[in-house]
Amino acid sequence: MNVDAAREKDGLRSAVGCVARNSNGRLTIASAVPVGLLSSVESAESYAIREGIKLAIEAGLEHVTIASDSKGVVAKINAQDSGLNEDGSIIGEIQMLREKLRYCKVSYYSRNCNNVVHSIAKFSLTCSVPHIWNDSNELRWLQEAVMAYLLPAVA
């Protein structure tokens, strides 16, 4: 599950995107979630990870690797460093949600591996309500976008 956050330049609005693929690389579910005001980029990235885990649970997935391009947030989650600020509150929720899955690994991946989900996060800045795509017909356009992005890397 790739996750990412986007924020408007003024910081008044944040949004997240999530994309799940199966073991064959096929998209299975995706979401775009407008969030509103969060205090920092780290809070937005933490929120994206939380939303990815929630989406995995709602989709009935049991074995999940969450891929985030926020090295610092991933390190805090894996160190179980929740703290008392907004980030800490979200990280505490992440720890509780992870227990609902049979396997849940949170890993850092560079932005180069997260471009598609970053585009979804930026799209969700324009949304007033969350969007979830889980039907093969709904995901076709997204699958084509992913393949168009990946093909130049293969060639």
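Here's a quick rundown of the structure. (Residues numbered from 1 in each chain as written. Predicted model: local features only at pLDDT ≥ 70, side-chain atom pairs only at ≥ 80, totals over all residues. Heavy atoms only, no water.)

**Observations regarding the packing of aromatic side chains**
- Taken as a whole and judged by the stated rule, the model has one aromatic pair.
- Positioned above the aromatic ring of Tyr47, the side-chain terminus of Arg50 is 4.3 Å from the ring centre.
- Geometry around Tyr108 places Lys71 over its ring, the cationic atom sitting 5.0 Å from the centre. (Phe/Tyr/Trp six-rings, centres within 6.5 Å; stacked < 30°, edge-to-face > 60°. Lys NZ or Arg CZ within 6 Å of the ring centre and 35° of its normal.)

**What to know about the pattern of salt bridges**
- Following the criterion strictly, the structure yields four salt bridges and no others.
- A salt bridge links Lys54 to Glu51, with the shortest nitrogen-to-oxygen separation between them at 3.6 Å. Placement of the pair is Lys54 and Glu51 together in helix H1 (residues 41–58), with a separation of three residues, close to one helical turn.
- Since its relative accessible area comes to 29%, Lys54 is described here as partly exposed. (Salt bridge = Lys/Arg side-chain N within 4 Å of Asp/Glu carboxyl O. Helix = DSSP H or I, 4+ residues; strand = E, 2+ residues; numbered from the N terminus. Buried < 20%, exposed > 50% of the residue type's maximum accessible area, 1.4 Å probe, protein only.)

**Some details on the pairing of strand S1 (residues 2–7)**
- Counting buried positions along S1 yields five of six residues, so the element is predominantly enclosed.
- By the bridge criterion, six bridges tie S1 to strand S2 (residues 14–21) in an arrangement that is antiparallel. When the sheet's bridge partners are listed, Asn2 is paired in S2 with Val19.
- The turn linking S1 back onto S2 is made up of six residues, and Gly11 within it adopts a positive phi angle of 75°. (Pairing = 2+ DSSP bridges.)

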